[in-house]
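A look at the structure
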Amino acid sequence: MGEDHRMNSPAHHSSPLINAVIVAAGKGERMGTLLPKPFLALAGVPLLIHTVRNLLRSPLITKLVIVVAAEREVFLQDLLERYGPFSVPIGLVHGGRERQDSVRLGLAALDPACEVVVIHDAARPFIAAEIVDRSVAAAVEVGGALVAIPVKDTLKQVDEDNTVLATVPRQSLWLAQTPQTFRVQLIREAHARAVSEGIIATDDAALLERIGAQVKVVRGDPLNFKITTPDDLRLAEAILLKGLGARC
Ligand code: CTP
Ligand code: MG
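Cut-offs used in this document
- Residues numbered from 1 in each chain as written.
- Chains lettered and ligands numbered in written order.
- Predicted model: local features only at pLDDT ≥ 70, side-chain atom pairs only at ≥ 80, totals over all residues.
- Heavy atoms only, no water.
- Helix = DSSP H or I, 4+ residues; strand = E, 2+ residues; numbered from the N terminus.
- Rg over C-alpha atoms; globule rule 2.2 N^0.38 Å.
- Contact = heavy atoms within 4.5 Å.
- Areas by Shrake-Rupley, 256 points an atom, 1.4 Å probe, with all protein chains shown as cover.
- Lys, Arg positive; Asp, Glu negative; His and termini not counted.
- Charge placed at Lys NZ, Arg CZ, Asp CG, Glu CD.
- Pairing = 2+ DSSP bridges.
- Phe/Tyr/Trp six-rings, centres within 6.5 Å; stacked < 30°, edge-to-face > 60°.
- Buried < 20%, exposed > 50% of the residue type's maximum accessible area, 1.4 Å probe, protein only.
- Near = heavy atom within 4 Å.
- Polar contact = N/O pair within 3.5 Å; in protein donor to acceptor, adjacent residues only side chain to side chain.
- Salt bridge = Lys/Arg side-chain N within 4 Å of Asp/Glu carboxyl O.

1. Topic: the overall build of the protein chain
Along its length, the protein chain carries 9 helices and 11 strands. Relative to a compact globule of 248 residues, whose C-alpha radius of gyration would be 18 Å, the protein chain shows 19 Å and is just as compact. Considering only C-alpha atoms, the protein chain reaches an extent of 75 × 45 × 40 Å along its principal axes. Across the protein chain, every contact between residues at least 6 apart in sequence was considered, and the portion connecting residues at least 24 apart equals 75%. Carbon and sulfur atoms form 54% of the exposed surface of the protein chain, whose accessible area is close to 13100 Å². When the 27 positive and 28 negative side-chain charges of the protein chain are each reduced to one mean point, those points stand 3 Å apart.

Here it is as structure tokens:
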């Protein structure tokens, strides 16, 4: 009887299956370390482990795919065993040359029934579950969503000599972060089109924009910055030591 009720409930149809992809296959050239960023220690724990733990605080995600460089797969498997178990199954796939290639390869490894995918950079460890959930809600509604923060500083356009040409109005400008969340069918189509047209974009939302699909901005958090340089790593350590990254 309980089962009949569930089958007839509209809520049963309105909760899509959601997976996440973390891209961790970059070389970390701007960090300049031999070991790529996801494996660098942050307060004694690998950066990628912080990211996995924080992303999986969202109860919506039922599977995680981590995209990793082929030569780091065994190392990552060891780390996942050491720091696990985690709340959902984790699949590993090998990355590609550009971030976009790594995302596309990750998308091929989703649960076959997955309807919505949350794509996140390994290099953003301080992601909050509420923000993940907001991005999912927006993607379910319009097809695509990216987390971003409004530009706070005044923007100057300059020439090659650093002479100011103009002040750029900032009201409508946002800084893109991840997660970027999409209906699976849409993001797969956008990536397929990018391959066939030879397009490389710096984020996934740009590929949806190109095929004319709607993408919404969801307000993020400055704490969700991307660890790119040694300064960023020091800042992240300081945040963890001060307890500001309390979700870690
Ligand atoms: N990434 C990836 N595959 C690539 C390039 C990047 O999976 N071919 C991932 C990185 O591991 C990172 C995220 O995409 O988690 C964001 O990229 P970025 O911060 O640029 O990292 P890297 O490309 O590793 O760093 P750099 O650009 O300094 O080399
Ligand atoms: Mg890069």
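2. What to know about the pairing of strand β8 (residues 155-158)
Note: β8 against strand β9 (residues 164-168), 4 bridges, orientation antiparallel. Bridging across to β9, Lys156 finds its partner in Thr167. A loop of 5 residues connects β8 with β9, the two strands running antiparallel in sequence, and Asn162 in this loop sits at a positive phi of about 65°.

3. Looking at the packing of aromatic side chains
In this description, a pair of aromatic rings is defined by centroid distance and the angle of the planes. In the structure shown here, the tally under the stated rule is 2 aromatic pairs. Measuring from centroid to centroid gives 5.2 Å for Phe39 and Phe75, while their planes differ by 35°, and the two rings are tilted. Of this pair, Phe39 sits in the loop between β1 (18-24) and β2 (41-42) while Phe75 sits in helix α4 (residues 73-83), and the two are 36 residues apart along the sequence. Owing to a relative accessible area of 5%, Phe39 belongs among the buried residues under this scheme. Since its relative accessible area comes to 32%, Phe75 is described here as partly exposed. Plain terms: the ring middles of Phe126 and Phe225 are 6.0 Å apart, the flat faces sit at 50° to each other, and that makes the pair tilted. Taken together, the residues Phe126 in the loop between β6 (116-121) and α6 (129-142) and Phe225 in the loop between β11 (216-219) and α9 (230-241) connect sequence positions 99 residues apart.

4. Re the site of ligand 1
Not every one of the 18 residues close to ligand 1 is listed here, only the nearest: Gly28, Glu29, Lys37, Ser102 and Lys226. Between Ala24 and ligand 1, the recorded distance is 3.5 Å, taken from a backbone N or O atom to an oxygen atom. Within the backbone of Arg30, a nitrogen or oxygen atom sits 2.8 Å from an oxygen atom of ligand 1. For ligand 1, whose free accessible area comes to 560 Å², the fraction covered by protein is 88%. Within the residue set of the shell around ligand 1, elements represented by two or more residues are β1 and α5 (99-107).

5. Remarks on the environment of Ile239
Locating Ile239 in the fold gives a position in helix α9. Looking at Ile239, the relative accessible area reads 9%, which means it is buried. When the C-alpha atoms of Ile239 and Phe126 are compared, they prove to be 9.7 Å apart, with 113 residues separating the residues in sequence.

6. What to know about the pattern of salt bridges
Throughout the structure, instances matching the rule amount to 8 salt bridges. We note a salt bridge from Glu197 to Arg193, for which the minimum N-O separation is 3.1 Å. Of this pair, Glu197 and Arg193 are both found in helix α7 (residues 184-197), 4 residues apart, which corresponds to roughly one turn of the helix. By relative accessible area, which is 38% here, Glu197 ends up partly exposed. If you follow the salt bridges from partner to partner, you end up with Arg99, Asp121, Arg124 and Asp204 in one network.

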